[in-house]
Amino acid sequence: MRNRDPAVGYNLAMAIPSQTSPPIPSVLSGLEGIRTWVEDFYRDLHEHPELSHREVRTADKVARRLEAAGISVHEGVGGTGVVGLLRNGEGPTVLLRADMDALPVAEATGLSYASREVATDSDGKEVSVMHACGHDIHVACLLGAAHLLASHPEAWAGSVAFVFQPAEETADGARAMVESGLAGLLPRIDVALAQHVLPAPAGVVGTHAGPTLSAADSLRITVFGRGAHGSMPQASIDPVVLAAMIVVRLQTVVARETRPGEPVVLTVGKLQAGTKTNVISDHAVIEVNIRTYSPETRRAVLEAIHRIVDGECQASGSPKPATYELFDQFPLTDNDPDATTRVSEAFGAFFGERAVVVPALSGSEDFSDIPNALGAPYCYWGIGGTDPELYRKAEEAGRVFEQVPVNHSALFAPVMQPTLDTGIQTLVVAALAWLGDPAPGASGRGRA
Ligand code: ZN
Ligand code: ZN
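Just so you know, these numbers come straight off a predicted model, no measurement behind them.

**Brief notes about the overall build of the protein chain**
When you go through the protein chain residue by residue, the secondary structure sums to 12 helices and 18 strands. Taking 2.2 N^0.38 as the reference for a compact globule, 448 residues should give roughly 22 Å; the C-alpha atoms of the protein chain span a radius of gyration of 24 Å, in line with that estimate. Taking all 448 residues of the protein chain together, 54% fall into the buried category. Long-range contacts, defined here as pairs at least 24 residues apart, represent 84% of the contacts in the protein chain between residues at least 6 apart. Accessible surface computed for the protein chain: about 18500 Å², of which carbon and sulfur atoms make up 52%.

**Considering helix H7 (residues 295-316)**
What sets the pattern is the α-helix's 3.6 residues per turn: residues three or four places apart point alike. Helix length check: H7 (22 residues) gives 32 Å between terminal C-alpha atoms against 32 Å at 1.5 Å per residue, within 8%. Along H7, the positions that sit buried rather than exposed are Thr 297, Val 301, Leu 302, Ala 304, Ile 305, Ile 308, Val 309, Glu 312 and Cys 313. Each buried residue of H7 lies within a common arc of 160° when the element is viewed along its axis, so the set occupies one face. Remark: Gly 317 follows H7 within two positions and exhibits a positive phi of approximately 75°.

**Digging into unusual backbone geometry**
Cis geometry marks the peptide bond from Gln 417 to Pro 418, where omega comes out at 5°. By secondary structure assignment, the location of Pro 418 is in helix H12 (residues 416-435). Unusually for a residue other than glycine, His 408 sits at a positive phi of about 80°. Secondary-structure assignment places His 408 in the loop between helix H11 (400-403) and H12. In this structure His 408 comes out as partly exposed when scored by relative accessible area, which is 40%.

**Comments concerning the coordination of the zinc ion (ligand 1)**
For the zinc ion (ligand 1), every protein donor is listed as Cys 133 (SG), Glu 169 (OE), Glu 169 (OE) and His 408 (NE2), and the spread of their distances is 2.0 to 2.8 Å. Around the zinc ion (ligand 1) sit 4 donor atoms; with metal-centred angles ranging over 51 to 151°, the donor geometry is irregular. In primary-sequence terms, the residues that donate to the zinc ion (ligand 1) follow C-x35-E-x238-H. The two metals, the zinc ion (ligand 1) and the zinc ion (ligand 2), are separated by 3.0 Å and share Cys 133 as a common coordinating residue. Of this pair, Cys 133 sits in the loop between strand S5 (126-128) and helix H3 (135-151) while Glu 169 sits in the loop between strand S6 (158-165) and helix H4 (173-179), and the two are 36 residues apart along the sequence.

**Some remarks on the nonpolar core**
Counting 65 residues, the largest nonpolar core has Leu 96, Phe 162, Phe 164 and Leu 193 as the members making the most contacts within it. When residues no more than four places from it in sequence are discounted, the contact partners of Phe 162 are Ile 71, Val 82, Val 83, Gly 84, Leu 86, Leu 96, Leu 142, Ala 146 and Leu 149. Grouped together as the second largest cluster of nonpolar side chains are 25 residues, Leu 85, Ala 174, Leu 198 and Ile 370 included.

**Quick look at the sheet that holds strand S14 (residues 283-292)**
Either a parallel or an antiparallel arrangement is found when strands of a sheet pair, and the pairing is made through backbone hydrogen bonds. One open sheet holds the 4 strands; their spatial order is S12-S14-S10-S15, and the pairing between them is antiparallel. A single partner strand is all that each edge strand has here, and the edge strands are strand S12 (265-273) and strand S15 (323-330). On average, each strand axis in the sheet is inclined to that of its neighbour by 15°, with strand direction left out of account. Bridge analysis of strand S10 (residues 215-224) against S15 gives 6 bridges, and the strand direction is antiparallel. Among the inter-strand pairings, Leu 219 is bridged to a residue of S15, identified as Leu 326. Helix-sheet contacts for helix H6 (residues 239-257) involve S10, S12 and S14, and the interaxial angle to S12 is about 175°.

**Topic: the coordination of the zinc ion (ligand 2)**
Within the protein, the zinc ion (ligand 2) binds to Cys 133 (SG), His 135 (NE2) and His 196 (NE2); these donor distances fall in the range 2.1 to 2.4 Å. All donors of the zinc ion (ligand 2) come from a single chain, and their spacing in sequence reads C-x1-H-x60-H.

**Some words on the packing of aromatic side chains**
All told, the structure shown has 6 aromatic pairs when counted by the stated rule. A centroid spacing of 5.7 Å and a plane angle of 80° characterise the contact between Phe 347 and Phe 351, whose relative ring orientation is edge-to-face. Taken together, the positions of Phe 347 and Phe 351, both in helix H8 (residues 337-351) and 4 residues apart, correspond to about one turn of that helix. Each member of the pair, Phe 347 as well as Phe 351, is classed as buried. Pairing Phe 367 with Tyr 378 gives two aromatic rings, centres 5.6 Å apart and planes at 85°, and the pair type is edge-to-face. On the criterion of sequence distance, the pair formed by Phe 367 in the loop between strand S17 (355-357) and helix H9 (369-374) and Tyr 378 in strand S18 (residues 378-386) is long-range, its members being 11 residues apart. With relative accessibility at 0%, the residue Phe 367 sits in the buried group. On the accessibility criterion, Tyr 378 (6% relative accessible area) is buried. An aromatic cluster is built from Phe 347, Phe 350, Phe 351 and Trp 381, whose rings are joined through pairwise contacts.

**Points about the pattern of salt bridges**
A full pass over the atoms with the stated rule returns 21 salt bridges. Between Asp 99 and Arg 97 there is a salt bridge, with the nearest N and O atoms lying 3.7 Å from each other. The same class applies to Asp 99 and to Arg 97, which are both buried. One network of salt bridges, in which partners are shared, links Asp 60, Arg 64, Glu 67 and Glu 75.

**Describing the environment of Ala 244**
Here Ala 244 lies in helix H6. We classify Ala 244 as partly exposed; its relative accessible area is 38%. For the pair Ala 244 and Gly 206, spaced 38 residues apart in the sequence, the C-alpha separation amounts to 42 Å.

**Points about the side chain of Glu 312**
Within the secondary structure layout, Glu 312 lies in helix H7. No salt bridge forms around the buried Glu 312; measuring N to O, its nearest opposite-charge neighbour Arg 249 is 4.7 Å away. With near-sequence residues (within four places) excluded, Glu 312 lies in contact with Leu 242, Met 245, Ile 246 and Arg 249.

Each value, and the rule that gives it
- Residues numbered from 1 in each chain as written.
- Chains lettered and ligands numbered in written order.
- Predicted model: local features only at pLDDT ≥ 70, side-chain atom pairs only at ≥ 80, totals over all residues.
- Heavy atoms only, no water.
- Helix = DSSP H or I, 4+ residues; strand = E, 2+ residues; numbered from the N terminus.
- Rg over C-alpha atoms; globule rule 2.2 N^0.38 Å.
- Buried < 20%, exposed > 50% of the residue type's maximum accessible area, 1.4 Å probe, protein only.
- Contact = heavy atoms within 4.5 Å.
- Areas by Shrake-Rupley, 256 points an atom, 1.4 Å probe, with all protein chains shown as cover.
- Expected span 1.5 Å × (residues − 1).
- Arc of directions from axis to C-beta.
- Donors = N, O, S within 2.8 Å, 3.2 Å for Na, K, Ca; no water.
- Tetrahedral: all angles 85-135°; square planar, octahedral: opposite > 155°, others 65-115°.
- Core = buried A, V, L, I, M, F, W, Y, C linked by side-chain atoms within 4.5 Å.
- Pairing = 2+ DSSP bridges.
- Axes fitted to C-alpha atoms, helices over the stretch in contact; angles between N-to-C directions.
- Phe/Tyr/Trp six-rings, centres within 6.5 Å; stacked < 30°, edge-to-face > 60°.
- Salt bridge = Lys/Arg side-chain N within 4 Å of Asp/Glu carboxyl O.
- Lys, Arg positive; Asp, Glu negative; His and termini not counted.

Encoded structure:
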C-alpha cells in the first residue's frame, strides 16, 4: 500500500499499474476459466441496460447464473433485487453487494456492444438508456466472484451473501431491499463489502478508512409572497426578491459557518418563480443540493438553511411560513476502520503497489443503508476502469479531467480488462480476509 498525493486528478488516479507477482489464493486459480463468460455476460449487460427499479432482465440473468453455480437464490427483494446465499460450514458471513441499474444517457462510446436501448422514464418521457456508471461491471464481477467461491468450497469456510441491488442511482434501492425483509433472508452479517468502478487506471484498487462518500440531501423549499400586478409592487410581497436574497445568503453557509478544510457543498440547483413579466408571483421554489461528510456538519448546514430561509421570509413579511421537503437522500458512506484495515492489508498483499490508499471519493452511494440496517461494519472501495495508457497520457498532458471520460458521461467506457479480472479479485481477496484460506487439502467443509 502507499499513500499518494491527493491533490492530483481523480482520487483513485494516482498509480499506474505495474507487474506484481502476488500469492494467488486457490479460489482465484479458476479465474482464467471463467473469463470468457464473464466478459460475454458484461457485454450483454452493457448492451441491454435498464433504468432504476426496472432491472427485470438483468435480475433474471443474475438469478439464473447464481443458480447455475449452485447458490440458493431469492428474487424480487425490494422490487428487482436478487439475493444469493452460499453456505459453506461454520464461519463468518460476508455480504458482497453490486448495484444493477443504468442511467438515462444516450451512449456515445462507439463500442461494438454499445447500448441502443430506449425506455420510458418515471415521468413518461422516452429516454435512451446506458450503463454510464459501470454497474454492469459490478454485476459481472460479483457473479464471477460468486462462481469462484462456489467452485472452491475447500478453500474457505463460512457463508457469503451476494446482494444484487436495484436502483442505486435513485438512492432508494438499498432501502427497498431492507424494507422488503432482506435481514430475514440472511444469517447475521459480519461484514458488508462493495466496490465501484471509477475513472482511474484499470488494475488499480483504492481504499479509504472513515467517511468515504458524502451524504447527499436534496431540499425543496417553497417560500410565499403575495401575488399582484407587475405595475403595483406596493400590493405585493415579491417572492422573486425574497428567493434571490435567500440564494445569496445561502452562499455564506459554507463560507462562514463550516470548518475550513472540511468538504461541504451547498448548491442551489433550481430556482423557479413566476410566469410572466407583468405578474408578481405568489410563491417561489428553491431546490438545494447538500453534500457533507459528517452527521454533525449535515445537521448544522440543514439548520443554517432553515434559519436563513425563515429569517428572510420574516424580513420580507412573508404571509405564511416556508415549507421544506427533503428528497433524493443518500446516506454517508463511513468505512469501518477495522474492516478497512483488513481489506487494505489483503489488497496490499495481493495487488502490491496496485493497491493504494486514497482520499475520500466524490459522489454518494446508498450501499451503507444495507449494513446500517443489518448492524454490520462495512468497507466500500474503488477500482480503476480507464485504459492505463490513455490515463497515463492524459496525466502527462495535465488533462485528466478533459481526456478521461467520467462516470455518467455518454463516453464512459471502462476497458474490459484488467477491469473485470481486478473487480473479481478484489471481491474474492476481501471476502477471504474474513472467510480464511485453509491450506490445500483441508476437507470436511462441504456446502451446507
Ligand atoms: Zn452513478
Ligand atoms: Zn454508480
